[in-house]
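Examining the three-dimensional arrangement
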Protein chains: 2
Amino acid sequence: MLKTLKKFVLGPPLASADLHHQKLTKKVALAVFSSDALSSVAYATEEILLVLVTAGMTAVQLSLPIAIAIGILLIIVVSSYSETIHAYPSGGGAYIVAKENLGTYPGLVAAASLLTDYILTVSVSIASGIAAVTSAFPNLYPYRVVICLFCILVITLANLRGLKESGAIFAVPTYLFVFSFSALIIIGFYRYFFGDPVAIQEVTHYPPASHALTYFLILRAFSSGCAALTGVEAISNGVPAFKAPESRNANITLVSMGLILLAMFLGITELARFFHVLPVGDETVVSQIARHVFGTGPFYYVIQAATAMILILAANTSYADFPRLASLLAKDGYMPRQLASLGDRLAFSNGILLLGVASGVLIVMFGANTHHLIPLYAVGVFTSFSLSQSGMVVHWVKLKGKGWFHKVIINGLGATATFVTLLVIASTKFTHGAWMVIVFIPLVILWFVAVHAHYRDIVDQLHPNLNDLLPPKLHRVLIPISAFHKGTAKAISYALSMSSDVRAVYIALDPERAARMPEIWSNWCIDIPLVILESPYRSIIRPLLDYIDELQKEEKDQLITVVLPEFVAAKWWQQILHNQTALMIRGILMFKRGVSVTSVRHFLDY
Amino acid sequence: MLKTLKKFVLGPPLASADLHHQKLTKKVALAVFSSDALSSVAYATEEILLVLVTAGMTAVQLSLPIAIAIGILLIIVVSSYSETIHAYPSGGGAYIVAKENLGTYPGLVAAASLLTDYILTVSVSIASGIAAVTSAFPNLYPYRVVICLFCILVITLANLRGLKESGAIFAVPTYLFVFSFSALIIIGFYRYFFGDPVAIQEVTHYPPASHALTYFLILRAFSSGCAALTGVEAISNGVPAFKAPESRNANITLVSMGLILLAMFLGITELARFFHVLPVGDETVVSQIARHVFGTGPFYYVIQAATAMILILAANTSYADFPRLASLLAKDGYMPRQLASLGDRLAFSNGILLLGVASGVLIVMFGANTHHLIPLYAVGVFTSFSLSQSGMVVHWVKLKGKGWFHKVIINGLGATATFVTLLVIASTKFTHGAWMVIVFIPLVILWFVAVHAHYRDIVDQLHPNLNDLLPPKLHRVLIPISAFHKGTAKAISYALSMSSDVRAVYIALDPERAARMPEIWSNWCIDIPLVILESPYRSIIRPLLDYIDELQKEEKDQLITVVLPEFVAAKWWQQILHNQTALMIRGILMFKRGVSVTSVRHFLDY
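Residues numbered from 1 in each chain as written. Chains lettered and ligands numbered in written order. Predicted model: local features only at pLDDT ≥ 70, side-chain atom pairs only at ≥ 80, totals over all residues. Heavy atoms only, no water.

Structural notes on the relation of the copies chain A and chain B
- Superposing chain A onto chain B takes a rotation of 179 degrees plus a shift of 0.0 Å along the axis, which leaves an RMSD of 0.2 Å. In short, the pair behaves as if placed about a two-fold rotation axis. (Least-squares fit on C-alpha atoms with pLDDT ≥ 70 in both.)

This is the structure we're talking about:
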């Protein structure tokens, strides 16, 4: 039953042999890997304004220069990463680049920041995607958390189905977003210059300034806007997923993505300035612009739908990258091994599930509020940026290949720019939530180190020697029973088939019945001894454990097997009526040395 | 570690021999069993006004006559139950009375209604307790659901500690409530007649009437007010928990409770009328009255605190009764047996946990909103009332003891009055949520019947016969392995100690390693065959299941044991890094006939 459901939701399993077929064309790859970067257009501008507006109307005019500064940063980052793509055709994630060129620990720092960043990408994108929906349909606002969780569920399932299908699923919305926003910007500019520029927000309506326009404030606005750069690295991590020639295709995709992002981000920021749009609680800035340019008609709803879809799907960038990075870390022994195994559909199922759960928790913790989530966001991103760029610098210096100096300049510039930005973000956003990430990342690194140490330790702990193969001197079998029935009988016959030293154990919860047990035993002339244990505190476990201790004292080199008679009910709800005791006994004996537990099951017919 | 925690939270286990010591004095019993009934004073009046106010200011004046009608109903119910107490010193819950006198099915109906009612008592009481808190501290309002869940947790733990302690815990708040409310009423009346009667709500401020003042509306107001009677039956169910002479003490407690309840309910209703208090969204009626009488000073906060405490503790009535009833049903085979077993602290732990979870779910479902929960409330209560009263009538008619006719009259009156009320509630509240209960109760009864049938069925299914004891012709052992290490070695030696037909099974997820396995095997000169299974879809389970099927075809009368090598890590977090595969295999083989699973554990030292 469950299996057919799984098959229906996830599709039939794919053979390992099909793996190499799961490759992406440039167009599909742009959709899969760029939705994160592009979708940030939907909130980056608003985050800048949110800071500036606290310093009054003149401050708001600074949104354009700030956006331009961010645009320049974007160009630097993109050109650095296009170098990376050529140097690492096998996928130059910050983790690999930093590890290979700067050493293990920088690599782990990069990995930890990336994992954090991927989880946040899912939460932030989905939260603001739903914000776009609730801007159009305010009456859905109270249900936003549930809606977000539902979206996460859907994307998780889509990705468990495997990369290729998800590419197909996500191409349409991404392109709808790009085209509808281009239309919005073009028509917006046209209306501004040739149409009637009716400002949404009359200058007189500006809220009073609560802060002075300090440099610190401007830097904070800049930091907020840097959310626009998140996800730019996705492509360089995903090079192997491209159709051959991988590097070339990846590079073309990266550059085109950079240009589209630049154009849309500057365009929206400028439109907001033209029409004096300010952030308000219940409606996004983009939604206000769209209402103004198109009016609340079909076009407006197309914009909101496209925004919602690409944002929700931006999360998918992380679903492509998080599991891949997790599997790399697992292969290197820094994460649990099961993260390295491909699922039925050739996707890293465990990583996908982990990501889904983690981001869902964040959504609930922050009540799906974008403005609370975004400050946590950029720290991880820029940490990995600057680490991978510095890694590239070292790479070129070591390699000294053709035109290496020019490359060192590019990546050096990238490293410096992103590192400075990182410091700015960490300092200006620290009290706004960035501190959580600054605490969290080291913890993740500790976890990596601990896991690695453990995997190293077990290797020598588990090195076998021949006398591990010698059978124990004594093998005793105990059968806890509550009565004599078919289940008990089967357990007894099973026990006798594995050892000659078998004892039934009755825990006397109920003294009257305890008194009757020996008689039953003799009536059925069962040829194994019956041990009756007192239990003044009505505990089933205690007396059993004490008895096992006694037996173990008698002989060091012995094995004790506890055989539990269990039932498998004919109907699922009947299962509730059985086996709790067996379950409990098994759970507790789990941690007792020298004891094994076997459940002999009797299947009920009705 | 867990055990010490449990001991700390729940206290050391109590011996079965101590059971009879866990008895209650009248004073403590009043606190334990009456908090539910008394606390309803905090919301009953408000529920009446909530209905009447929709019909305008004249309608509101009807609150007093309606309250008086409810008061009369209360007197009838109390006197009926005092008869029950004498007839059933062993605890005359509606279930027992109805079952003995009316037959099994009426008994089950009563039981189902009571269980529903107990769960609702917890949810309603805690929800409105927190409403009292948020009336005093409005800024806590957004967190009400979490606060409610926390309270449920605390009460659940308190009750897992055992009845006597909980009595001690709950006596103080109950009496604080009674005394502070008496003070409120007395001072309120004094201020009204001799002080300056500044009405909170000027008549002119009455909201416009949205409904006509129909009889139906009046009856609905009456139904809402009937919430005041919930919990009156608690004492008659709890007779055995009283100090001897049980019946006499229980009866005295019942009557005094009835009188206190009557006085407080009428008093509060009248004060509300005096001061023209109307229900408003964010503050309870009682809170408004208290502010008016005392001003927002220390006395006001005492009232709110007392209200909150008794309401939160009213839930405790259900924690005393729900598990007891559940255990009765379990003993009769209508509920899972584990509900009948006493926990470490002589409380019915499983029933307590079940109640905690169920009421928590309701709180979340209804967002801790009292006005949505209360309409579900009264149906169950009055169903059980009228069933137990009718049961008593039959009882007396059968018995024909001294003064039986007089008793028949009393209980007959009780039965009729409560039954009529039930019909009124069911009809006037149907669309307001009562329908859910009317659907839920039959489902519970179906469950009772199904469980009972299942327990009857297994008796004959499990009747053993001697050839169940015969050992199987063949006992094969399979050891799924991923490599050869200490764990594998131990598993092999274990397997050899139970059977001569042992095979290691390697599932070839990774072809290279598969190729190397036979060599490893010969190097270690292991004397059991190694079976290598292909797995094109990277599934570990499929190939194993198929192989087991093959083996089972060879010989019908055989037993297959799968021995799983597992690790027990030295630190809890390391456990995450192991055994997932073993866990999965065990889970799936759980449902395969003729297969037993044993895990042989190797303990890691660091």
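There is more to say, and it comes next.
Some points on the nonpolar core
- Among the nonpolar cores identified, the biggest contains 142 residues, and A:Phe33, A:Val232, A:Leu329, A:Phe382 and A:Phe448 are the most heavily contacted of them.
- With sequence-adjacent residues up to four places away left out, A:Val232 is seen in contact with A:Ala37, A:Leu74, A:Val77, A:Val78, A:Leu254, A:Met257, A:Leu261 and A:Phe385.
- Within the second largest apolar cluster, 141 residues are counted, among which are B:Leu38, B:Ala67, B:Ala326 and B:Ala347. (Core = buried A, V, L, I, M, F, W, Y, C linked by side-chain atoms within 4.5 Å. Buried < 20%, exposed > 50% of the residue type's maximum accessible area, 1.4 Å probe, protein only. Contact = heavy atoms within 4.5 Å.)

Here we look at the domain arrangement of chain A
- The domain boundaries assigned to chain A delineate domain 1 (22-455) and domain 2 (467-603).
- A C-alpha centroid distance of 58 Å is found between domain 1 of chain A and domain 2 of chain A. (Domains from an automatic or database assignment.)

Some words on unusual backbone geometry
- Cis geometry is adopted by the peptide bond preceding A:Pro245, which originates at A:Ala244 and carries an omega value of -5 degrees.
- Its place among the elements puts A:Pro245 in the loop between helix 11 (234-237) and helix 12 (246-274).
- The backbone of A:His276 sits at a positive phi, close to 50 degrees, despite the residue not being glycine.
- For B:Ala368, which is not a glycine, the phi torsion comes out positive at approximately 55 degrees.
- Following the sequence through the fold, B:Ala368 ends up in the loop between helix 15 (349-365) and helix 16 (370-373).
- Owing to a relative accessible area of 7%, B:Ala368 belongs among the buried residues under this scheme. (Helix = DSSP H or I, 4+ residues; strand = E, 2+ residues; numbered from the N terminus.)

With respect to the state of the cysteines
Residues and elements named next belong to chain A.
- All chains considered together, the criterion is met by zero disulfides over all chains.
- Left without a disulfide partner, Cys151 is nearest to the cysteine sulfur of Cys148, which lies 6.3 Å away.
- Given the relative accessible area of 12%, Cys151 is considered buried. (Disulfide = S-S within 2.5 Å.)

What to know about the packing of aromatic side chains
- Under the definition given, this model contains 40 aromatic pairs over all chains.
- Ring plane angle 70 degrees and centroid distance 5.9 Å describe the contact between A:Trp447 and B:Trp573, whose orientation is recorded as edge-to-face. Of this pair, A:Trp447 sits in helix 19 (residues 434-461) while B:Trp573 sits in helix 23 (residues 572-575), which puts the two residues in different chains.
- On the basis of relative accessible area, A:Trp447 is assigned to the partly exposed category, the value being 25%.
- Taking the centre distance of 6.1 Å and the plane angle of 80 degrees together, the rings of B:Tyr192 and B:Phe275 count as edge-to-face. Of the two residues, B:Tyr192 sits in helix 9 (residues 163-193) while B:Phe275 sits in the loop between helix 12 (246-274) and helix 13 (285-294), which places them 83 residues apart along the sequence.
- Members of the aromatic cluster, connected to one another through ring pairs, are A:Phe189, A:Tyr192, A:Phe193, A:Phe274 and A:Phe275.
- Across from the ring centre of B:Trp396, 4.8 Å away, lies the NZ or CZ of B:Lys407, which sits over that ring. (Phe/Tyr/Trp six-rings, centres within 6.5 Å; stacked < 30°, edge-to-face > 60°. Lys NZ or Arg CZ within 6 Å of the ring centre and 35° of its normal.)

Points about the pattern of salt bridges
- The tally for this structure, following the rule as stated, stands at 24 salt bridges over all chains.
- One salt bridge in this structure joins B:Lys99 and B:Asp332, with 2.7 Å as the shortest N-O distance. One end of the pair, B:Lys99, is in helix 6 (residues 94-102); the other, B:Asp332, is in the loop between helix 14 (298-331) and helix 15, and 233 residues separate them in sequence.
- B:Lys99 gets classed as partly exposed once you look at its relative accessible area, which sits at 28%.
- Residue B:Arg273 pairs with B:Glu270 through a salt bridge whose shortest N-O separation is 3.0 Å. Here B:Glu270 and B:Arg273 lie together in helix 12, a separation of three residues that amounts to about one turn.
- Owing to a relative accessible area of 10%, B:Glu270 belongs among the buried residues under this scheme.
- Shared partners join several salt bridges into a network, and the residues in it are A:Arg476, A:Asp501, A:Arg503 and A:Glu554. (Salt bridge = Lys/Arg side-chain N within 4 Å of Asp/Glu carboxyl O.)

Description of the pairing of strand 5 (residues 595-603) of chain B
- With nine of nine residues buried, strand 5 of chain B is to be regarded as a mostly interior element.
- Note: strand 5 (residues 595-603) of chain A against strand 5 of chain B, three bridges, orientation antiparallel. Note that in strand 5 of chain B the partner of A:Ser599 across the bridge is B:Val597.
- Direction of pairing for strand 4 (residues 558-568) of chain B relative to strand 5 of chain B: parallel, over a ladder of nine bridges. Of the residues in strand 5 of chain B, the one forming a bridge with B:Ile560 is B:Val595. (Pairing = 2+ DSSP bridges.)

Describing the interface of chain A and chain B
- Counting residues at the interface gives 77 residues for chain A and 77 residues for chain B.
- Summed over both sides, the interface of chain A with chain B buries roughly 6,700 Å², with 60% coming from carbon and sulfur.
- The interface formed by chain A and chain B contains two salt bridges.
- The residue B:Asp468 makes a salt bridge to A:Lys486 at a minimum N-O spacing of 3.3 Å.
- Inspection of the chain A/chain B interface yields 23 residue pairs in polar contact (both at pLDDT 80 or more).
- Mapped onto the side of chain A that touches chain B, the elements with two or more residues apiece are helix 19, helix 20 (486-498), strand 4 (558-568), helix 23 (572-575), helix 24 (580-589) and strand 5 of chain A. (Buried area = accessible area lost by both parts, 1.4 Å probe. Polar contact = N/O pair within 3.5 Å; in protein donor to acceptor, adjacent residues only side chain to side chain.)

Some thoughts on the packing of helix 5 (residues 63-87) of chain A against helix 10 (residues 215-225) of chain A
Residue and element names in this part refer to chain A.
- For the pair helix 5 and helix 10, the least separation of the axes is 10 Å and the interaxial angle reads 50 degrees. It follows from the interaxial angle that helix 5 and helix 10 lie oblique. For the pair helix 5 and helix 10, the crossing hand works out as right-handed. From helix 5, Ile66, Ala69, Ile70 and Leu73 reach across to helix 10, where they touch Ile218, Ala221, Phe222 and Gly225. (Axes fitted to C-alpha atoms, helices over the stretch in contact; angles between N-to-C directions. Parallel < 35°, antiparallel > 145°, perpendicular 65-115°, else oblique. Left-handed = near helix turned anticlockwise from the far one by under 90°.)

A few points about the sheet that holds strand 5 of chain B
- If you trace the 10 strands from one edge of the open sheet to the other, you get 3(A)-2(A)-1(A)-4(A)-5(A)-5(B)-4(B)-1(B)-2(B)-3(B), paired in mixed fashion. Across the chains shown, the open sheet's two edge strands, defined by having one partner strand only, are strand 3 (530-534) of chain A together with strand 3 (530-534) of chain B. For this sheet, the mean angle separating the axes of adjacent strands, direction not counted, is 30 degrees.
- Across six bridges, the pairing between strand 1 (residues 474-481) of chain B and strand 2 (residues 501-508) of chain B is parallel.

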